[in-house]
Amino acid sequence: KSSKREWKPLEDHSCTDVPWLLLFILFCVGMGFICGFSIATGAAARLLSGYDSYGNICGQKNVKVEGIINSGLDLTHKKYVFFLDPCNIDLVHQKIKSLALCVSACPRKELKTLADIQKFAETNGSTLCSYELQPSEYTTDPRAAKLCPKYPVPESAPIPFFHRCAPVNISCYAKFAEALITFVSDSSVLHRLISGVMTSKEIIMGLCLLSLVLSMILMVIIRYISRVLVWILTILVILGSLGGTGVLWWLYAKQRISASAVETQIAKDNLQALLIYAISATVFTVILFLIMLIMRKRVALTIALFHVAGKVFIHLPLLVFQPFWTFFVLILFWTYWITVLLFLGTTGSPVPNEEGFVEFRMVGPLKYMWWYHVVGLIWISEFILACQQMTVAGAVVTYYFTREKRNLPFTPILASVNRLVCYHLGTVAKGSFIITLVKIPRMILMYIHTQLKGKENACARCMLKACICCLWCLEKCLTYLNQNAYTATAINSTNFCTSAKDAFVILVENALRVAAINTVGDFMLFLGKVLIVCSTGLAGIMLLNYQRDYTIWVLPLIIVCLFAFLVAHCFLSIYEMVVDVLFLCFAIDTKYNDGSPGREFYMDKVLMEFVENSRKSMKEAGRGGGAEGRELKPM
């Protein structure tokens, strides 16, 4: 029934999946409760002001913790957290394993002896040793070796807004950096790399801006070079497959001649392996040629869709800036999420640890709040990305199904956002929740695989990887189906399940066309990304080459190329999204319209030419006629 139901593009709008919108709002209220709870329990003060190893919050009066010495102190004038051994880093738990104290000021110069530490305390009023030692006892009390900082005490400065004394020289973090960057063998290499980045920061910013400009230019001109890219792809595939197969057969023939003179088991094994490789390559080449033969006509549709997509960006220029808004909203949400996560890390009740110091831990059901917080990260992030997909789909659908382009809304993007907020937030919430349901088990399995690395047997490792791979494939398929479901919702204003079913039927009926678009189209966009990265990298090499005598420019070049690829991916993913929406609209248009009076096509002239050429070729092959042979009527 779904496939026969009449599609009525943009005729009416109604609210969809309202219960899912209410569920999403309730979930967001729960996220707000977690934030409020962590602030109410003092976690915000502990995070921003810092606290010492005895549970005292710096810069205020504190309440005594039962069973903990040095707790409940008045530290109103001691506003900074100072670590006695800031370079003692626990790489497993990612924390500093050192006694923490509240001090009045951070040491702004290196202190090499206990006498220097004592003089600093007498001069600045900032005691860097434990609270039970008086400054006059620093050089005489034998306990000073354990209760005073490890010297030399490095020069440090307070971190803005977080009141922690951090060493100015990052060399003591070289061990932590080496654990993250495995190719760094000593701290001097790390220093040179970082200095290279700082010296070249203006060039890096300029090259990042260049990649942004190149991406925007490519989105405009890609419709003119799409046919060339397809021919490049075809020639490369043909030459690569034929060349690889020919080389394998040549090596096999050469090896066979030489093996006849030397009869060894190794030579026989190599000869047999080459024969297998050559036969496999031949079978692959034949299958590839057959696929290209079958799909050659459908490649023309991909070229036409890319051409129309270029026109869409001309009529809807705000689509180019869609990645910026999405990225900006994601950054705001991720900042909020990380802040609340830090709050959760310092919330709870003070509990003595095995060393006799204080840690803040949540007990009872509240200790599972961070699970809820993690689910919120995935669901809300997917919700934001789904809102972008729905916004783009709504704008492109409006463009496609508006016969007179002069009658387009003044800002179709804002009109699409308005429809999304008024009618379809529930559909977006449901679609993003389905992706979350698949992503969470995959992340859990990845975590288990990481924790058991080297401990599990080969069978368990293989099963874990297979499950992770299957869930990843399922996630990608659902993401693609969700995007087409959003397009169907934008067209007919139906709920998520109905839209997904309708879109799935259309996609199955055009399976070969979908395959052509997703293979040829994706490779064309990949070539675009490679072009932007190579152009930016080449410009970077030419500019950074002038600093080769005093700067290591490998890391700046890597940063620039990664940023260029990220920017190109963000922009061209919007292009890919527009092509997918156009294809679904085109498939619906050709299914329910035939160009006759009263059933005129909505499609662009380029797509009309494609349909007309397809009908002529079918008619010449003896398969056309009747309704299929009618000439297309103008829009």
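Structure: above.
Everything numeric in this text was worked out from a predicted model, so none of it was measured. In this convention, every chain numbers its residues from 1, walking through the sequence in written order. Only residues with pLDDT of at least 70 get local features here, since the model is predicted, and only at 80 or more are side-chain atom pairs given and counted; chain-wide, interface and lining totals rely on the full set of residues. Water and hydrogen atoms were dropped before computing side-chain values, which therefore reflect all heavy atoms in the structure.

Colleague: Help me get a handle on a nonpolar patch on the surface, residues and values and all.
Modeller: Patches here: salt-bridge-free residues with over 30% relative accessible area, like charges joined within 9 Å, nonpolar side chains (Val, Leu, Ile, Met, Phe, Trp, Tyr) joined within 5 Å. Note on areas: these come from Shrake-Rupley sampling with a 1.4 Å probe, and a residue is covered only by the protein chains present in the view. One side-chain nitrogen of Lys or Arg within 4 Å of one carboxyl oxygen of Asp or Glu is enough to make a salt bridge. Taken together, the side chains of Leu209, Val213, Ile217, Val220, Ile221, Tyr224 and Ile314 make up a nonpolar region of the molecular surface, amounting to roughly 640 Å² of accessible area. Broken down by element, the nonpolar patch gets its largest block of residues, six residues, from helix 7 (residues 201–259). Secondary structure elements are defined from DSSP: runs of H or I of at least 4 residues count as helices, runs of E of at least 2 residues count as strands, and each element is numbered from the N terminus.

Colleague: Kindly report on the layout of surface pockets, identifying the contributing residues and their values.
Modeller: Whether a set of points on the 1 Å grid over the protein atoms alone is a cavity depends on a 1.4 Å probe fitting there but being unable to get out, while an open set qualifies as a pocket with protein on both sides within 12 Å along at least five of seven lines; lining residues are those with an atom within 4 Å of a point. Grid points are joined across faces, edges and corners, and a volume is the space filled by probe spheres set on the points. Each pocket or cavity is described by its volume, and for the second largest pocket that value is around 1100 Å³. As for the second largest pocket, its lining consists of 35 residues, and the residues nearest its centre are Leu385, Gln389, Thr479, His569 and Ser573. Of all the secondary-structure elements, those providing two or more residues to the lining of the second largest pocket are helix 9 (322–346), helix 10 (369–400), helix 11 (412–451), helix 12 (458–492), helix 14 (511–544) and helix 15 (554–592). The dominant element in the lining of the second largest pocket, judged by the number of residues it contributes, is helix 15, at eight residues.

Colleague: An account of the pattern of salt bridges is needed here, citing residue identities and associated values.
Modeller: Where charged atoms from two side chains of opposite charge come close, those side chains can pair. Using the criterion set out here, one finds five salt bridges in the structure. Here glutamate 475 ties to lysine 439 by a salt bridge, and the two come within 3.3 Å at their closest N and O atoms. Taken together, the residues glutamate 475 in helix 12 and lysine 439 in helix 11 connect sequence positions 36 residues apart. Under the relative-accessibility criterion, glutamate 475 is labelled buried at 6%. Residues lysine 591 and glutamate 509 are paired through a salt bridge, measuring 3.0 Å at the closest nitrogen-oxygen approach. Within this pair, whereas lysine 591 is found in helix 15, its partner glutamate 509 is found in helix 13 (residues 496–509), the two being separated by 82 residues in sequence. With relative accessibility at 44%, the residue glutamate 509 sits in the partly exposed group. The network of salt bridges with shared partners includes Glu382, Lys439, Arg442 and Glu475. Under the scheme applied here, a residue whose accessible area is under 20% of the maximum for its type counts as buried, over 50% as exposed, and between as partly exposed, the area being computed with a 1.4 Å probe on protein chains only.

Colleague: Can you lay out the packing of helix 1 (residues 18–40) against helix 9 for me, pointing to particular residues and giving the numbers?
Modeller: To obtain each axis, a line is fitted to C-alpha atoms, and for helices this fit is confined to the stretch in contact; angles are then taken between N-to-C directions over 0 to 180 degrees. Contact pair helix 1 / helix 9: the axes reach a minimum separation of 9 Å and the direction vectors enclose 45°. By the angle between their directions, the pair helix 1 and helix 9 is classed as oblique. Both helix 1 and helix 9 take part in a crossing whose hand is left-handed. Contact with helix 1, carried on its side by Met31, Gly32, Ile34, Cys35, Ser38 and Ile39, involves Tyr336, Trp337, Val340, Phe343 and Leu344 of helix 9 and no other residues of that element. Residues are grouped as follows: Ala, Val, Leu, Ile, Met, Phe, Trp, Tyr, Cys and Pro are nonpolar; Asp, Glu, Lys and Arg are charged; every other residue, Gly included, is polar. Classifying every residue of the contact of helix 1 with helix 9 by side-chain character gives nine nonpolar, two polar and no charged. Orientation labels follow simple angle bins: below 35 degrees gives roughly parallel, above 145 gives roughly antiparallel, 65 to 115 gives roughly perpendicular, and whatever is left gives oblique. Note: crossing handedness is left-handed where the near helix turns anticlockwise from the far helix by less than a right angle, and right-handed where it turns clockwise. Residue contacts are defined here by distance: any two heavy atoms, one from each residue, within 4.5 Å place the two residues in contact.

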